[in-house]
Amino acid sequence: MVMVTESFGRVTLSKMDGLPAGFEVIPVTGLDTLLPGPTLIRIRGRKEPPLFISVLLHGNEISGFLALQEVLKPFSGGKAQPARTIFLFIGNVAASAKNIRRFAHEPDYNRIWNGGKLPEQLMAHRLLDIMKKEGVFACIDMHNNTGKNPHYSCINRVTAEFLNLALLFSPTIVFFTEPHEVISKAFSGFCPSVTVECGLSGEREGTGHLVRFLELCLQMDKVPDTQPEIPYSLFHTTAKISLREEAEIFFGKNPESSGITLVENLDSLNFRHQEPGTFLGYSSYENTGLLVTDNRGRDVTEKYFALDRSQIRTTKHIIPSMLTKDKTVIRQDCLGYIMEHYLP
Ligand SMILES: [Zn+2]
């Protein structure tokens, strides 16, 4: 194993040839004893160009890492070779060691892929340069949700290749263009690219699903560029739901005297059609306490939600996704998204 490092202020990108010894057994919280920080690992295989895989951009979303430990086990020590060369990027190692999404002082590692001058953004830019020069077969980024959601794939372009890659994981596919600073969007400029969202972190079923998906990707000779023959559901993310800066948030049956109190089962609404007038909770404020922004960043809250005698209700038909009750995620990222069926 040879290691080369490149520093960008507080962030150092390490590059390795071959998996470090012990990779297949290390608990994710011990990963910082094996890797100094964000690391790009090349595992030589029998075919080129390489498959690019990223994992742990969010430090506490570990299913992808657990799946890789299983899939890559036969290749540790360099005895056997995978069917295709892999470039594996392990993102926020320090956050993983602490079982958190990210540290407060640093940007979200899946929002640094569209330029900028922060050390993390410079590192991301460098990594994209390396991968563009290598040429990439396909890009896979693995995540978990914090609320209840089906397993689904996300794509940033709607073409036959992108759909076919997404379908290897799930017939539920979400097309999104915002946030535009994600890794899958950056790679979508030069290779088929998919983000897979694999339920709650660490669930055995999710890890098994990812193992099967990764093995299919490694075996594949070419991402088919003909229209998919199997049925699928394609959604388009049209708006993001955030909490207004000053709002306090609670979950439960009875309204808190100050703040917004959303229904206990909020995340069970994900990927389900919600009719106009659907009850979402209570607000003690003069507004819903929620902020909905469209893909151009405009405030479109009133198009979707209204406050009627302190009750927050939908005003139009919506399909929510990624609704979460995790207050850290709500503050650091958002409450969830609004989708529509997508008709190309
Ligand atoms: Zn994530």
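This is a predicted model, so every value here is computed, not measured.

Peer 1: So what exactly am I meant to see when it comes to the overall build of the chain here?
Peer 2: Along the backbone of the chain there are 8 helices and 18 strands. Taking 2.2 N^0.38 as the reference for a compact globule, 344 residues should give roughly 20 Å; the C-alpha atoms of the chain span a radius of gyration of 21 Å, in line with that estimate. With the C-alpha coordinates of the chain rotated into their principal frame, the extents come out at 65 × 45 × 35 Å. Within the chain, buried positions represent 42% of all 344 residues. A separation threshold of at least 6 residues defines the contact pool for the chain, and within that pool the share at least 24 residues apart is 73%.

Peer 1: Explain the packing of helix H1 (residues 63-72) against helix H6 (residues 204-219) here, please?
Peer 2: Angle between the axes and distance between the axes are the two parameters that describe a pair of packed helices. One can describe the packing of H1 onto H6 by two numbers: an axis separation of 8 Å at closest approach and a directional angle of 55 degrees. Viewed along their axes, H1 and H6 adopt a mutual orientation that is oblique. H6 is crossed by H1, and the crossing has right-handed handedness. Contacts between H1 and H6 involve Ser63, Gly64, Leu66, Ala67, Glu70 and Val71 on the former and, on the latter, Gly206, Thr207, Leu210, Val211, Leu214 and Glu215. Its residues placed into classes, the contact of H1 with H6 shows 6 nonpolar, 4 polar and 2 charged.

Peer 1: I tried to follow helix H3 (residues 119-134) on my own but got confused; where do I start?
Peer 2: One turn of an α-helix holds 3.6 residues; hence residues three or four places apart share an orientation. The first and last C-alpha atoms of H3 sit 23 Å apart over 16 residues, in line with the 22 Å expected at 1.5 Å per residue. Within H3, burial applies to Glu120, Met123, Ala124, Leu127 and Met131. Down the axis, H3 shows its buried residues gathered within 100 degrees of arc, on one side only. Structural note: H3 exposes Asp129 and Lys133 on the side pointing more than 90 degrees away from its buried face. Remark: Gly135 follows H3 within two positions and exhibits a positive phi of approximately 80 degrees.

Peer 1: How do you make sense of the domain arrangement of the chain when you look at a structure like this?
Peer 2: It is common to report an interface's size as the accessible area lost on association of the parts. For the chain, the domain assignment lists domain 1 (2-231) and domain 2 (238-341). Look at where the C-alpha atoms of domain 1 and domain 2 centre, and you get two points 30 Å apart. Facing the 12 residues of domain 1 at the interface are 17 residues of domain 2. The residue inventory of the side of domain 1 that touches domain 2, partitioned by class, reads 2 nonpolar, 6 polar and 4 charged.

Peer 1: What should I look at first to understand the sheet that holds strand S12 (residues 260-262) in this one?
Peer 2: What links the strands of a sheet is backbone hydrogen bonding, and the strands pair in either a parallel or an antiparallel sense. A sheet is described by the order of its strands in space; here 5 strands give the open sequence S11-S12-S13-S16-S15, paired in mixed fashion. What marks the edges here is a single partner per strand, and that holds for strand S11 (249-251) and strand S15 (305-308). If you compare each strand with its neighbour and ignore which way they point, the axes differ by 30 degrees on average. Where strand S13 (residues 279-283) lies against strand S16 (residues 311-314), 3 bridges are found, and the strand directions are antiparallel. Within S16, the position partnered with Phe279 by the bridge is Arg313.

Peer 1: For this particular structure, what's the right way to read the environment of Leu262?
Peer 2: Within the secondary structure, Leu262 sits in strand S12. Since 24 C-beta atoms lie within 10 Å of it, Leu262 is described here as buried. Note: C-alpha distance between Leu262 and Asn287 (25 residues apart in sequence) is 14 Å. Residues within four places of Leu262 in sequence aside, it is in contact with Ile249, Phe251, Leu280 and Gly281.

Peer 1: Which parts of the structure should I look at to understand the pairing of S16?
Peer 2: In summary, the side chains of a regular strand alternate between the two faces of the sheet. By the bridge criterion, 4 bridges tie S15 to S16 in an arrangement that is antiparallel. Across the sheet, Ala306 pairs through a bridge with Arg313, a residue of S16. Once S15 ends, the chain turns through 2 residues before running back antiparallel as S16, passing Arg309 with a positive phi of about 50 degrees.

Peer 1: Explanation requested: unusual backbone geometry in the structure shown.
Peer 2: Backbone phi values are negative for most residues with the exception of glycine, while trans is the configuration of most peptide bonds. Following Glu48, the chain continues into Pro49 via a peptide bond in cis, with omega recorded as -5 degrees. With respect to the secondary-structure elements, Pro49 resides in the loop between strand S3 (39-43) and strand S4 (51-55). The omega angle of the peptide bond from Glu178 to Pro179 is -5 degrees, so this bond is cis rather than trans. By the secondary structure assignment, Pro179 is in the loop between strand S8 (172-175) and helix H5 (183-187). One non-glycine residue, Met322, adopts positive backbone phi at about 60 degrees. Tracing the sequence through the fold places Met322 in the loop between strand S17 (319-321) and helix H8 (327-332).

Peer 1: Teacher, can you tell me more about the nonpolar core here?
Peer 2: Side chains that are nonpolar tend, in soluble globular proteins, to be buried together. Ranked by size, the top nonpolar core spans 86 residues in total, and within it Leu88, Ala138, Ile140, Ala166, Val174, Val194 and Ile338 carry the most contacts. Two domains share this core, each providing at least three of its residues, namely domain 1 (2-231) and domain 2 (238-341). Contact partners of Ile140, with chain neighbours within four places excluded, come to Ile53, Val194, Val196 and Cys217.

Peer 1: I would appreciate a short explanation of H1 in the present structure.
Peer 2: Judged by how many residues are buried, H1 sits mostly within the fold: 7 of 10 residues are covered. Listing the buried residues of H1 in full gives Ser63, Gly64, Phe65, Leu66, Ala67, Leu68 and Val71. Looking at the packing, one finds that the buried side of H1 touches S4, strand S5 (86-90), strand S6 (138-145), strand S9 (193-200) and H6.

Rules behind the numbers
- Residues numbered from 1 in each chain as written.
- Predicted model: local features only at pLDDT ≥ 70, side-chain atom pairs only at ≥ 80, totals over all residues.
- Helix = DSSP H or I, 4+ residues; strand = E, 2+ residues; numbered from the N terminus.
- Rg over C-alpha atoms; globule rule 2.2 N^0.38 Å.
- Buried ≥ 20, exposed ≤ 12 C-beta atoms within 10 Å, placed from the backbone.
- Contact = placed C-beta atoms within 7 Å.
- Axes fitted to C-alpha atoms, helices over the stretch in contact; angles between N-to-C directions.
- Parallel < 35°, antiparallel > 145°, perpendicular 65-115°, else oblique.
- Left-handed = near helix turned anticlockwise from the far one by under 90°.
- Nonpolar A, V, L, I, M, F, W, Y, C, P; charged D, E, K, R; others polar.
- Expected span 1.5 Å × (residues − 1).
- Arc of directions from axis to C-beta.
- Domains from an automatic or database assignment.
- Pairing = 2+ DSSP bridges.
- Core = buried A, V, L, I, M, F, W, Y, C linked by C-beta atoms within 7 Å.

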